[in-house]
Amino acid sequence: MGADPGCGLCVSSGPDEWVLSYRDADPASERTRETLLTLGNGYAATRGSAPEATADETHYPGTYAAGFYNRLVSQVDGQAREDESIVNLPNWLSLTFRPVGGAWFAPGAVDMVHEHLALDMRWGLLTREALVVDDHGRRTRLRQRRLVSMAAPHLAALETRIVLENWSGRIEIRSALDGRVRNGNVSSFAALASQHLDVVETGCDGKDLLWLVAETTSSQQRAAETARTLVYQGGQEVRADRRTVSEPGLIGQVLEIDVGQGEDVVVDKVVAIFTSRDRAIASPLIAAREEIEDASTFDGLLAAHSLAWDRLWERFHVGLDDQDDARRPVHAHVFHLLQTLSPHTADLDAGVPAPGLHGESYRGHIFWDELFVFPFLNLRLPELTRAFLRYRHRRLPQARRRAAALGMKGALFPWESGSDGREETPRASWNPHAGRWRQDFSSRQYHVNLAVAYNVWHYWQATADFGFLAAYGAELLFETSRFAASLATYDPTDDRYDIRGVMGPDEFHDGYPDRPGEGIDNSAYVNIMTAWALARARDAHELLGRHHGDELWQGLHLSDAELQKWDHIARRLRVCFLPNGVMEQFEGYGMLAERDWEEFRRRHGDLKTLGLVLEAENDSPNRYQASKQADVLMLLYLFSAEELTALVQQLGYPFDPAVIPQMIEYYMTRTSHGSSLSRVAHSWVLSRTDRSRSWRMLREALDNDVADIQGSSISEGIHLGAMAGTLDILQRGYTGLDTRDDMLWLNPLLPDELRSLDLDIRYRGQWINLRLDSTNLTLHALPGGAAAPSRVTIRDKVYDVSAGTTITVPRNA
């Protein structure tokens, strides 16, 4: 456990497994550190930049609110393009000091002799200690603590202790709200318009309160921030001399106070943030002023904040004993997941942003990453999954419009979406290796629909939330099935259905060598997932029909003829195979060229940028047997070998599961791992066949976002899907946990490097502790609660489990 949050202003001294710690400045990796030191609560998050810093080549202050987007039009190569982006809100952190008449403390203005930053993830507390010396040799020690409240989602606070080590005198402290911000976190967006906010109101009450209101340029949403700055000496609040500083886009106060040598002064800055998207408010500014008037001091906020984090860690406990000290990155992944998606997010109309609330990568858009996120949440905080599925359901009208625009029935969700659910995938993306914009056909990744269907069904299996299935889930299943059925074309010559002109998960192949951008045909992933989704829609129809009769179906205009067609498609979709019996990624994949990837590695270092490098060389991955990330193997991420075999055989193919190891090796040798999700999927796939290799890939995935790497893309945001996916490998992958057929299934198989695993899950309302060590699997259903007894299958033996039940099974039985 990290240091007690009440330990004063000391830098946390807790074990490394709870602390991310950095010493002294490193300009090349500063923005990466700012991302990893982000603090958030699911409503909003603030990057870990220094309070005295403004945006420059090294630093990037950023604050983001969930679901707060704006559109801008840019001119690129003489063409207008419109992009919607998450908005960087006014910088509330802004705080600095100076001796009267001296230079303000700012990057480069004084000599930073020492700096230590430590994020204690146990309590969500960022501490900083620095020693600075100015041109006159005056040594000043700076100690700061920062939080974004998990207890009160609209509040954030910064406490700053200034100690004059070898001098005394009068100092000035400047506290401000700075609305002179742009979106400038992503270098590849530098040519695009970036001014999302206009500051429309600032003010000061003449005492200790500041406020600033900004409005987005297009969506006309407002964000209001209020700040209260108090000063303490000797533990007592003191009245400093104050004057207001007002500049275009900025409002602040300068406070003057006398400080003796060795004495300190404590500055307590508390901020409230509201937007016009919030419920039950008269206006963002009124709500922010009321909130700040009731807010406690930093210590009071910290006490409630720490208690809220304590409750979250109880619910999201992942305990492991390993030989590689993986606990710290595991804690980091849980921490950053919860800072983006917390109980506070459940009350918002927000999706799952790919970069978290930590930066502007992918413009803060929502992709298919929830496919990797929801399985972990389903068994911890299913209320969150429900909220995010409702986010999808509210955007069904937009998805129907997109399907209709393509001449299809049903609904097609966008590959990238933001505020209202329209397709936000850009028509062109920047290739830094070529120094030019290239066409982007990613909107052909219709398989995002299949992720929505998969998520709906597995939420139902984990929760038995019949009300959700009847009110929202079934409609999502039916409308995505309608689109899939209209996309499939029938070939009567061999009684097969084909799905043409799509992109699979590998992202490299947007077409064939002679038809770039037109999609590929009969993707194994797309067709098998489609067969599965159509079958689940029929299951939902049967399940709900017992209770709702014809009323629901009439509202959805669902007929028996349509259901029969779905059944036929689900049994006759085409899947192609290579001569060696391995499932072919898509029709014609085996005819593509092979390439000497070792030679490519020698020239370029690794394969992560393979697609961009090939395009820069006027080549294309469409020509090669190569994948950016798991594609066919995603089927083994989503289904057990037994389930996949049954699915393929249901389609009328004599699939032999003995070919699966060969299939894994075939595609792994052709994968560049250019996506953060790739190692997650492959670690899972290997968990049954090569446990040591699985563990190595998991460790790489765990370290990918936490490592302090110069030039890392983490400077622009985390990889939320990959973070949640690594946790789910521990939760479901190594335990063999599955929820299907109204049962909880367990078939554990730990890698040798993982000596024990201990975690809590919530299955259909019942909290269950699972502990797996070198000898036993122990399942204990926690006492209390009103959940109905559950059925659990452990290695094909069925147990009835109710509150208080304990089951112990030998690990290798």
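This is a predicted model, so every value here is computed, not measured. (Residues numbered from 1 in each chain as written. Predicted model: local features only at pLDDT ≥ 70, side-chain atom pairs only at ≥ 80, totals over all residues. Heavy atoms only, no water.)

**Observations concerning the overall build of the chain**
Next up, step 1: Scanning the chain from terminus to terminus reveals 20 helices and 32 strands.
Next up, step 2: What you see for the chain is a C-alpha radius of gyration of 28 Å, in line with the 28 Å of a compact globule of 813 residues.
Next up, step 3: Projected onto its principal axes, the C-alpha positions of the chain cover 90 × 65 × 60 Å.
Next up, step 4: Residue burial in the chain is summarised as follows: out of 813 residues, 62% are buried.
Next up, step 5: Of all intrachain contacts in the chain linking residues separated by at least 6 positions in sequence, the fraction that spans at least 24 positions is 69%.
Next up, step 6: Counting only carbon and sulfur atoms, one obtains 46% of the accessible surface of the chain, whose full area is about 29400 Å².
Next up, step 7: Of the side chains in the chain, 85 bear a positive and 113 a negative charge, and the two mean positions are spaced by 1 Å. (Helix = DSSP H or I, 4+ residues; strand = E, 2+ residues; numbered from the N terminus. Rg over C-alpha atoms; globule rule 2.2 N^0.38 Å. Buried < 20%, exposed > 50% of the residue type's maximum accessible area, 1.4 Å probe, protein only. Contact = heavy atoms within 4.5 Å. Areas by Shrake-Rupley, 256 points an atom, 1.4 Å probe, with all protein chains shown as cover. Lys, Arg positive; Asp, Glu negative; His and termini not counted. Charge placed at Lys NZ, Arg CZ, Asp CG, Glu CD.)

**A look at the sheet that holds strand 4 (residues 63-65)**
Next up, step 1: Here three strands make up an open sheet; going across it, the order is 2-3-4 and the pairing antiparallel. With one partner strand each, in any of the chains shown, strand 2 (39-40) and strand 4 form the two edges of the open sheet.
Next up, step 2: Relative to strand 3 (residues 44-46), strand 2 is paired through two bridges, and the arrangement is antiparallel. By the bridge assignment, Gly-40 is partnered in strand 3 with Ala-45. (Pairing = 2+ DSSP bridges.)

**Some remarks on the pattern of salt bridges**
Next up, step 1: Tallied over the full model, the rule gives 70 salt bridges.
Next up, step 2: Between Glu-82 and Arg-71 there is a salt bridge; the shortest N-O distance is 3.5 Å. Highlighted residues: Glu-82 in strand 6 (residues 79-86) and Arg-71 in strand 5 (residues 69-76), separated in sequence by eleven residues.
Next up, step 3: A relative accessible area of 46% places Glu-82 in the partly exposed class.
Next up, step 4: Overall, the relative accessible area of 11% leaves Arg-71 in the buried class.
Next up, step 5: Salt-bridge contacts for Arg-395 lead to Asp-349; the nearest nitrogen and oxygen are separated by 2.8 Å. Of this pair, Arg-395 sits in the loop between helix 6 (382-394) and helix 7 (396-405) while Asp-349 is found in the loop between helix 4 (327-340) and helix 5 (370-378), placing the two residues 46 residues apart along the sequence.
Next up, step 6: Arg-395 gets classed as buried once you look at its relative accessible area, which sits at 7%.
Next up, step 7: Connected through shared salt-bridge partners, Asp-491, Asp-494, Asp-498, Arg-500, Arg-515, Asp-521, Arg-574 and Glu-587 make up one network. (Salt bridge = Lys/Arg side-chain N within 4 Å of Asp/Glu carboxyl O.)

**Topic: helix 18 (residues 676-686)**
Next up, step 1: Where burial is concerned, most of helix 18 is hidden: nine out of the eleven residues are buried.
Next up, step 2: Next to the buried residues of helix 18 lie helix 5, helix 15 (634-638), helix 17 (660-668), helix 19 (691-706) and helix 20 (720-733).
Next up, step 3: Capping of helix 18 at its N-terminal end is provided by Ser-675; its side-chain oxygen lies 3.1 Å from the backbone amide nitrogen of Leu-677. (Polar contact = N/O pair within 3.5 Å; in protein donor to acceptor, adjacent residues only side chain to side chain.)

**Observations regarding the confidence of the model for the chain**
Next up, step 1: Put simply, the chain has an average pLDDT of 93, and 97% of its residues get 70 or more.
Next up, step 2: Under a pLDDT of 50 for its full length, residues 6-14 has, in the predicted model, 20 contacts with residues more than four places off or in other chains. (pLDDT = per-residue confidence, 0-100.)

**Describing the sheet that holds strand 30 (residues 790-794)**
Working definition: the strands of a sheet are paired by backbone hydrogen bonds and lie parallel or antiparallel to each other.
Next up, step 1: Across the sheet, which stays open at both edges, the four strands sit in the order 25-26-30-31 with mixed pairing between neighbours. Edge positions in the sheet fall to strand 25 (738-740) and strand 31 (797-801), since each of these pairs with one other strand and no more. Neighbour to neighbour, the strand axes of the sheet diverge by 30° on average, direction disregarded.
Next up, step 2: Judged from the three bridges that link them, strand 26 (residues 743-746) and strand 30 form a sheet pairing that is parallel. Residue pairing in the sheet places Leu-744 in a bridge with Val-792 of strand 30. (Axes fitted to C-alpha atoms, helices over the stretch in contact; angles between N-to-C directions.)

**So, the pairing of strand 5**
Put simply, side chains in a regular strand alternate between the two faces of the sheet.
Next up, step 1: Of all eight residues that make up strand 5, six are buried, and the element is covered over most of its length.
Next up, step 2: Taken together, the eight bridges between strand 5 and strand 6 define a ladder with antiparallel strand orientation. When the bridges of strand 6 are listed, Leu-72 appears paired with Asp-83.
Next up, step 3: The loop that links strand 5 with its antiparallel partner strand 6 comprises two residues; one of these, Asp-77, has a positive phi angle of about 50°.

**Section: a negative patch on the surface**
Next up, step 1: Together, Asp-205, Glu-290, Glu-293 and Asp-294 make up a negatively charged patch on the protein surface.
Next up, step 2: Within the element layout of this structure, Glu-293 appears in helix 2 (residues 284-294). (Patch = residues over 30% accessible without salt bridge, like charges linked within 9 Å, V, L, I, M, F, W, Y side chains within 5 Å.)

**Observations concerning the nonpolar core**
Next up, step 1: Grouped together as the largest cluster of nonpolar side chains are 211 residues, with contacts concentrated most on Trp-368, Met-583 and Met-634.
Next up, step 2: Excluding its chain neighbours within four sequence positions, the residues that come into contact with Met-634 are Trp-368, Leu-371, Phe-372, Tyr-525 and Ala-681.
Next up, step 3: Formed by 21 residues, the second largest nonpolar core is a distinct cluster that contains Ala-157, Ala-224, Ala-272 and Ala-287. (Core = buried A, V, L, I, M, F, W, Y, C linked by side-chain atoms within 4.5 Å.)

**Focus: the packing of helix 7 against helix 9 (residues 466-487)**
Next up, step 1: Where helix 7 meets helix 9, the closest approach of the two axes is 11 Å, and the angle between their N-to-C directions is 10°. As summarised for this structure, helix 7 and helix 9 are arranged roughly parallel, according to the angle between their axes. Facing helix 7, whose interface residues are Leu-396, Arg-400 and Ala-403, helix 9 presents Glu-475, Leu-476, Glu-479 and Phe-483.
Next up, step 2: Broken down by class, the residue content of the contact of helix 7 with helix 9 amounts to four nonpolar, no polar and three charged. (Parallel < 35°, antiparallel > 145°, perpendicular 65-115°, else oblique. Nonpolar A, V, L, I, M, F, W, Y, C, P; charged D, E, K, R; others polar.)

**Thoughts on the pairing of strand 29 (residues 776-781)**
Next up, step 1: Side chains Leu-777, Leu-779 and Ala-781 project from strand 29 onto a buried face, and the interleaved Asn-776, Thr-778 and His-780 project onto a face without burial.
Next up, step 2: Across five bridges, strand 28 (residues 766-772) lies against strand 29 in antiparallel orientation. Directly across from Arg-771, in strand 29, lies its bridge partner Thr-778.
Next up, step 3: Hairpin geometry of strand 28 and strand 29 is characterised by an intervening segment of three residues between the two adjacent antiparallel strands.
Next up, step 4: Sheet topology places strand 29 next to strand 32 (residues 806-810); five bridges connect them, and they run antiparallel. Across the sheet, residue Thr-778 finds its bridge partner in strand 32, namely Thr-808.

**Concerning helix 13 (residues 597-604)**
Next up, step 1: Where helix 13 starts, the residue carrying a side-chain oxygen 3.2 Å from the main-chain nitrogen of Glu-598 turns out to be Asp-596.
Next up, step 2: Phi for Gly-605, located one or two positions after helix 13, is positive at around 95°.

**A few points about the side chain of Arg-670**
Next up, step 1: Summarising the element assignment, Arg-670 is placed in the loop between helix 17 and helix 18.
Next up, step 2: Of the residues examined, Arg-670 reaches a relative accessible area of 15% and is grouped as buried.
Next up, step 3: At 2.6 Å, the side chain of Arg-670 forms a polar contact with the side chain of Glu-594.
Next up, step 4: With sequence-adjacent residues up to four places away left out, Arg-670 is seen in contact with Tyr-589, Glu-594, Gln-625, Ala-626 and Ser-627.

**Re the side chain of Thr-425**
Next up, step 1: Counting through the fold element by element, Thr-425 comes out in the loop between helix 7 and strand 21 (428-431).
Next up, step 2: Polar contacts involving the side chain of Thr-425 include one to the side chain of Glu-423, which spans 2.4 Å.
Next up, step 3: For Thr-425, the contacting residues outside a window of four places in its chain are Trp-415, Glu-416, Asp-440, Ser-442 and Ser-443.

**Quick notes on unusual backbone geometry**
Most peptide bonds are trans, and most residues other than glycine sit at a negative phi.
Next up, step 1: With a phi close to 55°, Ala-280 is a non-glycine residue in the positive phi region.
Next up, step 2: Inspection of the secondary structure assignment puts Ala-280 in the loop between strand 19 (264-275) and helix 2.
Next up, step 3: The exposure class of Ala-280 is exposed, given its relative accessible area of 87%.
Next up, step 4: Positive phi, normally seen in glycine, also occurs at Asp-495, with a value near 50°.
Next up, step 5: Mapped onto the elements of the fold, Asp-495 is located in the loop between strand 23 (488-491) and strand 24 (496-499).

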